[in-house]
Amino acid sequence: MPTLPTSSTLTPPLHRWLAGVVRVISWGLLVAGLLLGLAWAGLHFWIVPRIDDFRPALERLARQSLGVPMHIGGLSAQSTGWVPSFELRDIALLDSQGRPALSLPKVVVAISLRSVLRLRLDQLVLDAPELDVRLNADGRGQVAGLDWAPTSQGDSAAADWLFSQREVIIRGGRLRWTREAALSPGPSESNHLAPAPVTTTLSLQQVDLVLRNSARHHDVRVDATPPEGWGERFVLMGRFRRGLLSTHPGRWADWSGQAYAYFPQVDVAQLHPHVPKAMASGLRLDAGQGPVRLWSDIDKGQWRGGLADVNLTGLTAQLDPQRPALVFEQFSGRLGGKVHAQGFELFTRELAFVDAQGLSWPGGNLTLDYTHAQGRQPAKGRLQADKLDLLTLREMVLRLPMAPGLHERLQAQNMAGQVNHLLWRWQGDWQQPTHYEAQATVNNLRWRHHATSPEALDWPGVQGAELSVKLTQAGGRMDLRMDTGGMVFLPGVLATPEVPVRSLQGFAQWEKKDGPHGTRWHVPKWQLKLANAD
């Protein structure tokens, strides 16, 4: 009788191979653990007590990395866990003449196993550093007298290193920020001599900074105390992200996000030189004090829009050097703007002010959206507003830069009242649009036209009227209503042009007619009901 096979004869070769792999892995883990233990013991019991002996090697390594000499006054380490922390004292970066360009009394460096594997720092803490930062007119930056120059692609090795660290903290620092602005040569200046740049300097005390970086995100907060007379301690914050294909953490052109600033009390004349040019183009602030909040939207390193919440007293703003400055006793509300490739948008929310002459703006809202002409597509725009005081608006507009002749025409209009609602859309040149649509309602309207020359005619006017207007380039409709206390002005018709009325109701419709003799306006419907004391 044949014998049956045992289980041992049925063991496949795969099982023996897996058993060998398990033994190899086990021995590998054991050896790795022993090596890690020896490395940890060597780090804590041999390197840490003798860390100061490595100071010359660190100075040489820093010089090779930064390109400038570095002096380290003292170096110590503390075993606080698996990986020690390091403290560097009296660090000095030297310029080309061997003079200290940056002094750091104390720097604490913390690392972890994860940061070591990524060749980064877990935390970098700088106590009471003194830093001089300069932005030259040619766009080059200097930190502590040392060039912080990006490459032609906008990269900077120093910036990449800084924004690769997990956390950077500055406590009680001092910062001197200098910004140079190049001037365009005037017509009388030589073509060979460029004008000296205008320099603005800001010295900040008790600067506290927290910078946190991850793979694609960067969060920063700065608290600082400005010079005396500049304002109170303020806060700057920013949250930014980079695209998935970005390989340089310090390349500003890859950053998008939002920046925020809060000034509890600030002199805007001091703040204005440090506001981005895109936000303050053509505007000069000479005076004004109060709280200010600013938001800025950044898209791939470019300013794309922002908001400003203000509550200022004694504000003086200059829009046109050829015209008087705008002076306000009180100015509050929200102002904002956006810019894009096709155009821009400006708006106000609950904007209220009282000017030096006592004119009061009630707190209206305004939105202006404009799109530039694109090829065969004409320019177009939209203006929407509410709660506009006509008298104040007239006085303000007379102080703004406008096309020739508009100021003279506006000065001939005596107007007052409140525009409850205004909507104006147009295509083409805003002064002579090819297509337009407008709607407006006005309460307590007073309007009277004064002839600018003896040959010119005086137009009829009203006082205390309720007006509603709708019009397009093809025609429109106007509704007018007046109650007791209203008045109609009829110059050249009656000996006494002012006619008081008890009630008035009327409307008129008009149309544009194109005929063989040219364009004319036709009024197919109109109605007027008037009652006065006579």
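Calculation criteria
- Residues numbered from 1 in each chain as written.
- Predicted model: local features only at pLDDT ≥ 70, side-chain atom pairs only at ≥ 80, totals over all residues.
- Heavy atoms only, no water.
- Helix = DSSP H or I, 4+ residues; strand = E, 2+ residues; numbered from the N terminus.
- Buried < 20%, exposed > 50% of the residue type's maximum accessible area, 1.4 Å probe, protein only.
- Contact = heavy atoms within 4.5 Å.
- Areas by Shrake-Rupley, 256 points an atom, 1.4 Å probe, with all protein chains shown as cover.
- Phe/Tyr/Trp six-rings, centres within 6.5 Å; stacked < 30°, edge-to-face > 60°.
- Salt bridge = Lys/Arg side-chain N within 4 Å of Asp/Glu carboxyl O.
- Pairing = 2+ DSSP bridges.
- Polar contact = N/O pair within 3.5 Å; in protein donor to acceptor, adjacent residues only side chain to side chain.

A. Up close: the overall build of the protein. Helix and strand content of the protein: seven helices and 26 strands. Split into buried and exposed, the 534 residues of the protein put 34% on the buried side. Within the protein, contacts between residues separated by at least 24 positions form 49% of all contacts whose residues are at least 6 apart in sequence. If you sum the accessible surface of the protein, you get close to 32,800 Å²; carbon and sulfur atoms cover 58% of it.

B. The arrangement of the packing of aromatic side chains in detail. In this structure the tally under the stated criterion is 15 aromatic pairs. With a centroid separation of 4.9 Å and 70° between ring planes, the pair formed by Phe328 and Phe353 is classed as edge-to-face. One end of the pair, Phe328, is in strand 15 (residues 326-339); the other, Phe353, is in strand 16 (residues 343-355), with 25 residues separating them in the sequence. There is no split in this pair, since Phe328 and Phe353 are both buried.

C. The arrangement of the pattern of salt bridges in detail. The tally for this structure, following the rule as stated, stands at 20 salt bridges. Put simply, Asp208 and Arg233 hold a salt bridge, and the shortest N to O gap is 3.1 Å. Of this pair, Asp208 sits in strand 9 (residues 198-213) while Arg233 sits in the loop between strand 10 (217-225) and strand 11 (234-242), placing them 25 residues apart in sequence. On the basis of relative accessible area, Asp208 is assigned to the partly exposed category, the value being 30%. Taking relative accessible area as the criterion, Arg233 reaches 32% and is therefore assigned partly exposed.

D. Up close: the pairing of strand 21 (residues 433-449). Summarising the sheet, strand 20 (residues 413-428) and strand 21 pair through 14 bridges and their orientation is antiparallel. Considered in strand 21, the bridge of Met415 is made with Trp447. Hairpin connection of strand 20 to strand 21: four residues between the antiparallel strands. Note that strand 21 and strand 22 (residues 461-472) share nine bridges and pair antiparallel. Residue pairing in the sheet places Arg446 in a bridge with Gln463 of strand 22.

E. The arrangement of the side chain of Glu59 in detail. Along the chain, Glu59 falls in helix 2 (residues 55-66). Of the residues examined, Glu59 reaches a relative accessible area of 19% and is grouped as buried. There is a polar contact of 2.9 Å between the side chain of Glu59 and the backbone nitrogen of Ile72. Those residues in contact with Glu59 that sit more than four places away from it in its chain are Met70, His71 and Ile72.

F. Structural context of the pairing of strand 13 (residues 284-299). Pairing between strand 12 (residues 255-267) and strand 13: nine bridges, direction antiparallel. Its bridge partner being in strand 13, Val266 is matched across the sheet by Gly290. Inspection of the sheet shows strand 13 paired to strand 14 (residues 302-318) by twelve bridges, in the antiparallel sense. Note on strand 14: the bridge partner recorded for Asp297 is Gly305. Between strand 13 and the antiparallel strand that follows it, strand 14, lie two residues; Lys300 among them carries a positive phi value of about 55°.

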